[in-house]
Amino acid sequence: MPRRTDALPVAAAILLVGALLAGCTSTVSLQPAENANAPACADVTVRLPDTVDGQPRRWTDAQATGAWGDPASVIITCGVPELGPTTLPCHSVNGVDWVIDESDAPRYRVTTFDRTPAVEVYLDNDVVSSAQVLETLSQVVSVLPQNGQVCTESG
């Protein structure tokens, strides 16, 4: 019959493995955009920050995507179709123009208006500040070439 002290190392090992697994977050499952394989999207992807508005980056399973928070409160996808003329609000942040779809507020979809390929960001404004998210991600997206479209500020 095993002594009680023999079970202690086994129990400690089980607790340690459990704690390590509990600290792991699952991969965020996403679909790549139509033009996710554009070389410019690779330039964006390698510049994605470790945190966005305090939310840690998570792994994704789709090319040219990124996610932050658990559950994901910010998702970025590069290679989406470029927007044409729209009546949605458009704001410029650090030289990058963003069209803002507020139809599912407080979850917003924002899409670049002046960059090729286009980038789309989904964010949950109950968890993160849209201003902080766009401030951070505009720095990343600014490496994309401009396409000549002009954002008309509205608000």
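Use the structure listed above.
Let us look at the structure shown here. (Residues numbered from 1 in each chain as written. Predicted model: local features only at pLDDT ≥ 70, side-chain atom pairs only at ≥ 80, totals over all residues. Heavy atoms only, no water.)

**Description of the sheet that holds strand β7 (residues 107-112)**
For the record, the criterion: Should DSSP find at least two bridges between two strands, the strands are regarded as paired. Each helix is a run of DSSP H or I of at least 4 residues and each strand a run of E of at least 2, with the numbering of both proceeding from the N terminus. For this analysis, residues touch if any pair of their heavy atoms sits within 4.5 Å. Orientation is described by axes fitted as lines to C-alpha atoms, over the contacting stretch for helices, and by angles from 0 to 180 degrees between their N-to-C directions.
Spatial strand order, β1-β2-β3-β4-β8-β7-β6-β5: eight strands in an open sheet with antiparallel pairing. Looking at the sheet topology across the chains shown, the edges are occupied by β1 (51-52) and β5 (90-93). Note: strand β4 (residues 74-80) against strand β8 (residues 118-124), six bridges, orientation antiparallel. Bridge pairing links C78 to V119 in β8. Where helix α3 (residues 130-141) meets the sheet, its contacts fall on β1, β3 (65-68), β4, β5, β6 (96-104), β7 and β8, and the angle it forms with β6 comes to roughly 140°.

**Digging into the layout of surface pockets**
Our working definition: Here the term cavity refers to a set of points on a 1 Å grid, laid over the protein atoms alone, in which a 1.4 Å probe fits but cannot get out; the term pocket refers to an open set having protein on both sides within 12 Å along at least five of seven lines, with lining residues being those that place an atom within 4 Å of a point. Grid points are joined across faces, edges and corners, and a volume is the space filled by probe spheres set on the points. Amino acid classes used here: Ala, Val, Leu, Ile, Met, Phe, Trp, Tyr, Cys and Pro are nonpolar; Asp, Glu, Lys and Arg are charged; the rest, including Gly, are polar.
Looking at the largest pocket, its volume works out to about 150 Å³. What lines the largest pocket is a set of 13 residues, among which D104, R107, Y108, R109 and Y122 lie closest to the centre. Those elements giving two or more residues to the lining of the largest pocket turn out to be β4, β6, β7 and β8. Per-class residue counts for the lining of the largest pocket are six nonpolar, two polar and five charged.

**A few points about the pairing of β7**
Sheet faces and side chains relate simply in a regular strand, where the side chains alternate between the two faces. Strand direction decides the pairing type here: β6 and β7, joined by five bridges, are antiparallel. Directly across from D104, in β7, lies its bridge partner R107. Between β6 and the antiparallel strand that follows it, β7, lie two residues. The antiparallel hairpin formed by β7 and β8 contains five residues in its connecting segment.

**Regarding the state of the cysteines**
For clarity, the cut-off: The rule for a disulfide is simple: a pair of cysteine sulfur atoms within 2.5 Å.
Across all of its chains, the model carries two disulfides by this definition. Each sulfur in the disulfide pair C90 and C151 lies 1.9 Å from the other. As the torsion about the S-S bond is roughly -140°, the C90-C151 disulfide counts as left-handed. One end of the pair, C90, is in strand β5; the other, C151, is in the segment after α3, with 61 residues separating them in the sequence.

**Overview of the environment of T65**
Put simply, the rule reads: As used in this structure description, the phrase polar contact means that two N or O atoms lie within 3.5 Å; if the pair is within protein, one of them must be able to donate a hydrogen and the other to accept it, and residues adjacent in sequence are counted only when both atoms belong to side chains.
Here T65 shows up in strand β3. The spacing of T65 and G79 is 14 residues in sequence and 9.3 Å in space, taken between C-alpha atoms. If near-sequence neighbours (up to four positions away) are discounted, T65 is found in contact with L30, Q31, L48, R57, T60, I76 and T77. Within the structure, the side chain of T65 is placed 2.7 Å from the side chain of T60, a separation counted as a polar contact.

**Considering the pairing of strand β2 (residues 55-58)**
Sheet topology note: the β1/β2 ladder contains two bridges and is antiparallel. Bridge pairing links V52 to Q55 in β2. Adjacent in sequence and paired antiparallel, β1 and β2 are bridged by two residues, among which D53 carries a positive phi angle near 45°. Across two bridges, the pairing between β2 and β3 is antiparallel. Paired with R57 across the strands is W68, a residue of β3. Where β2 hands over to β3, the hairpin turn is made up of six residues, of which A64 adopts a positive phi near 60°.

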